[in-house]
Amino acid sequence: DRGDADCAAYSIARDLHQIFLNDSMIWLFPDYLSDFELEIIRRNINSAFQHATPLPRSIAAVFQHVDVSRISGQNFSVLIIDILPEHVYATKLVAKYSAELDKVVPETRGFAWERHPSINLECTHFIEPIEYETVDEFGAWSVVKQKIPDKNKIDFAHLKGIPEIGDFTFYVVLTDAPVVGGVRVSELQKKAPGIPLWYDHLPELSTKIPQNGIFDNFFFVKNARVAPKRGIAIDIPICEKFTLPPGQKNYEFPLQRGSGDSSLRYVASLKSKEFPLNQPTTCALKMTYTYGADKPYSLTFIPDNHSLHPISVEWLPAHMQSSS
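Residues numbered from 1 in each chain as written. Predicted model: local features only at pLDDT ≥ 70, side-chain atom pairs only at ≥ 80, totals over all residues. Heavy atoms only, no water.

Caption draft 1: Quick peek at the nonpolar core. Formed by 63 residues in total, the largest nonpolar core has its most connected members in Trp113, Phe220, Leu244, Met287 and Phe301. Here the element with the most residues in this core is helix α3 (residues 57-65); it accounts for five residues. Residues Val88, Ala90, Leu121 and Phe168 belong to the second largest nonpolar core, which totals 13 residues. (Core = buried A, V, L, I, M, F, W, Y, C linked by side-chain atoms within 4.5 Å. Buried < 20%, exposed > 50% of the residue type's maximum accessible area, 1.4 Å probe, protein only. Helix = DSSP H or I, 4+ residues; strand = E, 2+ residues; numbered from the N terminus.)

This is the structure:
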């Protein structure tokens, strides 16, 4: 239940602020979670900490475990294998040289890291499960068992054959939170304000629309590389226009992550007092991404018919969508 999750996230964020008595916070998150899935915890952390910065575990890990003296040059790549209870994923990071970074923070040797979208890995071998106590949806305490994937059974040769991963120079198997790496990122960033220590390749974000009698992917985000700077909205170009069919009181477009096979269980919802439309309406789309914001993605439909007003998208969990 989102209400219970919201209350729990608010309580945790408030308690953390009371413990640390600081307006700044860097918090690590698993790379496989999307910005949509992190929305509740991110929003509540932002409400408790004025300067809260989310950091992917893979980025913290590479700053903790990879000696920059090992980087042989541009495009040196590291694969971070993150092992969590009942979950294993791989994130590829690629070193990119920046003369500006080299000058300001020479201990980086000028190499920033590009993070690519994570790949979930199948795991069939597990070690002994761990047990912990938790509260279920009815408020009752219970013991939960979760399997821990066996890191010794990972087939690295197989990983190089996965198209989204390909070849890599070095790998790190992560089993604990890379807190030391998160602290190092913070310390280095203070020496280089405004100069990115890492870049993000945003996952593809799309929906299905009918095209010539079949459903095809329409991409809201594709091939987007961004510098993660808090509070700065970055334009994500969308060249293709989107046509809204007439006769609907509202619109909900199911979202997909990646090439279109992975549902996000979220929808892009459009509502307007000017609906229903009496004819097909072509719209230009304006998308921005603001790293660390409560809602990082902002998408606006701008009708070609200038008598109609622009419509802002609301991102909603699929179970909250309304009927058209």
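Caption draft 2: Looking closely at the packing of aromatic side chains. In total, this model carries 15 aromatic pairs according to the counting rule given. Ring geometry for Phe242 and Phe301: centres 5.3 Å apart, planes at 75°, overall edge-to-face. On the criterion of sequence distance, the pair formed by Phe242 in strand β15 (residues 242-244) and Phe301 in strand β19 (residues 297-303) is long-range, its members being 59 residues apart. On the accessibility criterion, Phe242 (2% relative accessible area) is buried. Grouping aromatic residues by their ring pairs yields a cluster made of Phe218, Phe220, Phe242, Tyr251, Phe253, Phe275 and Phe301. Positioned above the aromatic ring of Phe168, the side-chain terminus of Lys160 is 5.0 Å from the ring centre. Directly above the aromatic system of Phe219 lies the positively charged group of Lys222, at a separation of 4.2 Å from the ring centroid. (Phe/Tyr/Trp six-rings, centres within 6.5 Å; stacked < 30°, edge-to-face > 60°. Lys NZ or Arg CZ within 6 Å of the ring centre and 35° of its normal.)

Caption draft 3: Examining the pairing of strand β1 (residues 24-29) more closely. By the alternation rule, side chains of β1 split into Met25, Trp27 and Phe29, which are all buried, and Ser24, Ile26 and Leu28, of which none is buried. The pairing of β1 with strand β2 (residues 51-56) spans six bridges and is parallel. What sits directly across from Phe29, in β2, is Pro56. Following the chain from β1 across helix α2 (residues 39-48) to the adjacent parallel β2, one finds a crossover that is right-handed. (Pairing = 2+ DSSP bridges. Right-handed = clockwise from strand over helix to strand, strands pointing away.)

Caption draft 4: Highlighting the environment of Ala90. Tracing the chain through its elements places Ala90 in strand β4 (residues 87-97). Along the sequence, Ala90 and Ser307 sit 217 residues apart, while their C-alpha atoms lie 48 Å from each other. In this structure, Ala90 is in contact with Leu79, Ile80, Ile81, Ser118, Ile119, Leu121 and Ile165, ignoring residues within four places of it in sequence. (Contact = heavy atoms within 4.5 Å.)

Caption draft 5: Summary view of the pattern of salt bridges. Overall, the coordinates contain 14 salt bridges when judged by the stated rule. When the shortest N-O distance is used, the salt bridge between Lys191 and Glu107 registers 2.6 Å. Placement of the pair is Lys191 in helix α6 (residues 179-191) and Glu107 in the loop between α4 (99-104) and β5 (111-115), with a sequence separation of 84 residues. The exposure class of Lys191 is partly exposed, given its relative accessible area of 47%. You can call Glu107 partly exposed: its relative accessible area is 31%. One salt bridge connects Asp304 with Lys241, and the closest N-O pair in it is separated by 3.0 Å. Of this pair, Asp304 sits in the loop between β19 and β20 (311-312) while Lys241 is found in the loop between β14 (233-236) and β15, placing the two residues 63 residues apart along the sequence. For Lys241, a relative accessible area of 42% translates into the label partly exposed. Each of Asp6, Glu39, Arg43 and Lys295 takes part in a single network of salt bridges with overlapping partners. (Salt bridge = Lys/Arg side-chain N within 4 Å of Asp/Glu carboxyl O.)

Caption draft 6: Layout of α2. Most of α2 is tucked away: seven of the ten residues are buried. For α2, every residue scored as buried is listed here: Glu39, Ile40, Arg42, Asn44, Ile45, Asn46 and Ala48.

Caption draft 7: Geometry of the pairing of strand β12 (residues 214-221). Looking at chain direction, strand β11 (residues 205-211) and β12 are connected through seven bridges and run antiparallel. Bridging from a neighbouring strand, Thr207 pairs with Phe218 of β12.

Caption draft 8: Quick peek at α3. Taken across its nine residues, α3 has seven buried, putting it largely inside the fold. Every buried residue of α3 is accounted for by Arg57, Ser58, Ile59, Ala60, Ala61, Val62 and Phe63.

Caption draft 9: Broad picture of the packing of α3 against α6. The interhelical angle for the contact between α3 and α6, taken along N-to-C directions, is 85°, at an axis separation of 7 Å. Considered as vectors, α3 and α6 are oriented roughly perpendicular to each other. Within the contact between the two elements, α3 uses Ile59, Ala60, Phe63 and Gln64 and α6 uses Val179, Val180, Gly181, Gly182, Arg184, Val185 and Leu188. When grouped by side-chain class, the residues that make up the contact of α3 with α6 number seven nonpolar, three polar and one charged. (Axes fitted to C-alpha atoms, helices over the stretch in contact; angles between N-to-C directions. Parallel < 35°, antiparallel > 145°, perpendicular 65-115°, else oblique. Nonpolar A, V, L, I, M, F, W, Y, C, P; charged D, E, K, R; others polar.)

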